[in-house]
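Commentary on secondary and tertiary structure
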Amino acid sequence: MEAFWIILAGSLVAISCGLLGCFLVLRKMAMVSDAISHAVLPGIVFAFLISGSRDSIVMLLGASLIGIFTTFLIEFFHSKGKLQADASIGVTFTWLFAMGIIFLTLFAGQVDLDADCVLHGEIAYVPIDLWITQAGDILGPRVVYIAGFMLILNVIFIVVGYKELFLTTFDPAFAGAIGISTTLWHYLLMGAVSMTTVASFEAVGAILVVALLIAPPATAYLLTEDLKKMLIITTILGAVISIAGYYLAASIDGSIAGAMSAVAGVLFAAAFLFSPKEGVLIKSIRNKSIEVEA
Amino acid sequence: MIEQVQNPVLEIHDLTVSYDKKPVLWDVDLSIPSGKLVGIIGPNGAGKSTLIKAVMDLIPTNSGYIKLFDQSLGEVRNRISYVPQRETVDWDFPASVLDVVIMGRYGKLGLFKRPRKADKEVAMECLRKVGMEQFSKRQISQLSGGQQQRVFLARALAQQADFYFMDEPFAGVDAATEKAIITLLREMADQDKTVVVVHHDLQSASNYFDWVILLNMRLVASGPIESVFTQELLQETYGGKLTLLSDVSDLMRKEQYPHREAK
């Protein structure tokens, strides 16, 4: 049962991250998600200080506001300060992350937050961190509820806004010309990424959440040329990563979050080498056989 | 030579646009009649693309106003189509030809509604018009430059607009595609639709357009091609590039300009 809860929580988180990650990869904004995942830290600490609990709506909203603020700052330094986009990302998130670290150590006594847990996650504790109602009923692991809620929210966001997300990602100028606000959809997506990151950090930590945001979509991108299929493949990959990651960690008695990200990396490498369309190995074999025929 | 017209479909008044305080367009003031095939012509960096981006409200303007069908863009957006430069999008994007053409229907669909069967039929019909119907399922990463441009044109047709703005539709396309596109644009103008095209090839320009806007940061001329495509005005537009200009004047003399096949 313990394994089931961990795998379920891992899958929910990985699928949520992957679905949003598809759009980040296609918008060439993969590193922005890295920035957000770190920059939400001060938001998490402050929301925790104010609300005093880890699963409140306050926390999700507070952190997502910080995430949107981060993307705004990145844009601002880039467009107004004439700073290169990557330098602008680097300056913004390290600074916000550092603030988070300072607050975390400063308020360490008052806050039931562990720096190690925030950074690396502790998915192994999922089954013992139960949601218990005031009446005393045990409803199952708390993280599973949060991750499940986040996944439903993300699926609704993508299904309802599919057309707008698709168009603003592919051709922002045309989207603007027919009256779809690219800025609005940009910040909606960034808000969703921020909330998902916050909802996921307890499970996998602020650092490895980037692996779940980017590696499955990058893998799916190599396997298909259809956005809908890319989303479906990413979903399957999310579940596979969670299952294989758990058993890998169990067999070597290591970190589950680390094992999940490692599996994500291995799957990407496999797609890179063996993808029927883009695979490096397949291509070279194909080229050889053409040479032989000629 | 700036000819203002009665009942214009496009009216630009005192338009100034700048990037980082560097002016790109100065005090442009023009009007265009309906049912014309219009060319915006000028050297590199003259602000040709900037002009149509300003009309589509994609960049901020410093002064002036723009009216389409005597209204602001927001009120007539459904009647206006915009075709960006082909290179502005990532053609490795995971989408099929039909996916891209159906985007032309999004404006009419409105928020959150999905394309229906009728929209797909319109999209297929538009693909047929540009000679690409057999490519509808093809991934866009597998298209040639000319095919990409045809797909963009099909998407514009799917908008079923009355006014089309096209940014460099002939850049980097093969001769067959260029001919197919200009034939289609001519048909559209004959149906009283207005088509404005950013173009940089002077030689073909004299055969393609019935109305020309000569631009080099400021407006040099706007009017019927017969009165605007003169050596003095072209010289004024292109400044020092004299060798090119003498080529053009030779060409014009040889071809007994103006010259277009009768309908």
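As the structure is a computational prediction, the values presented were derived from the model and not from experiment.

1. Observations concerning the interface of chain B and chain A
Of the residues lining the interface, 18 residues belong to chain B; the matching set on chain A comes to 18 residues. The greatest single-element share of the side of chain B that touches chain A, amounting to three residues, is contributed by helix α3 (residues 97-109) of chain B. A class-by-class count of the residues in the side of chain B that touches chain A yields 11 nonpolar, five polar and two charged.

2. Side note on the pairing of strand β9 (residues 218-224) of chain B
All names here are of chain B. Here β9 lies mainly inside the structure; five of its seven residues are buried. One ladder, built from six bridges, connects strand β8 (residues 211-216) with β9; its direction is antiparallel. Each residue of the ladder has a partner; that of N216, found in β9, is R218.

3. Quick notes on the environment of A:F166
Residue and element names in this part refer to chain A. In this structure, F166 sits in helix α7 (residues 162-170). According to the C-beta neighbour criterion, F166 is buried, with 23 such atoms within 10 Å. Between the C-alpha atoms of F166 and L26, which are 140 residues apart in sequence, the distance is 9.6 Å.

4. Details of the confidence of the model for chain A
When pLDDT is averaged across chain A, the result is 85; 92% of the residues are at 70 or more. When pLDDT is averaged over each element of chain A, helix α10 (residues 227-252) of chain A comes out on top at 94 and helix α5 (residues 115-120) of chain A at the bottom at 66.

5. With respect to the packing of helix α3 (residues 57-79) of chain A against helix α4 (residues 85-106) of chain A
Residues and elements named next belong to chain A. Axis separation between α3 and α4 bottoms out at 9 Å; the angle between their running directions is 140°. The angle between the axes of α3 and α4 places the two elements in the oblique class. Seen along the crossing, α3 lies across α4 with a hand that is right-handed. In this structure, α3 uses T70, L73, I74, F77 and H78 to contact α4, whose residues at the interface are A85, S88, I89, V91, T92, F93 and L96.

6. Thoughts on the pairing of strand β6 (residues 163-166) of chain B
All names here are of chain B. Residues F163 and F165 point to one face of β6 and Y164 and M166 to the other, with burial holding for every one of them. Relative to β6, strand β5 (residues 80-83) runs parallel, the two being bridged by four bridges. What sits directly across from V83, in β6, is M166.

Calculation criteria
Residues numbered from 1 in each chain as written. Chains lettered and ligands numbered in written order. Predicted model: local features only at pLDDT ≥ 70, side-chain atom pairs only at ≥ 80, totals over all residues. Contact = placed C-beta atoms within 7 Å. Helix = DSSP H or I, 4+ residues; strand = E, 2+ residues; numbered from the N terminus. Nonpolar A, V, L, I, M, F, W, Y, C, P; charged D, E, K, R; others polar. Buried ≥ 20, exposed ≤ 12 C-beta atoms within 10 Å, placed from the backbone. Pairing = 2+ DSSP bridges. pLDDT = per-residue confidence, 0-100. Axes fitted to C-alpha atoms, helices over the stretch in contact; angles between N-to-C directions. Parallel < 35°, antiparallel > 145°, perpendicular 65-115°, else oblique. Left-handed = near helix turned anticlockwise from the far one by under 90°.

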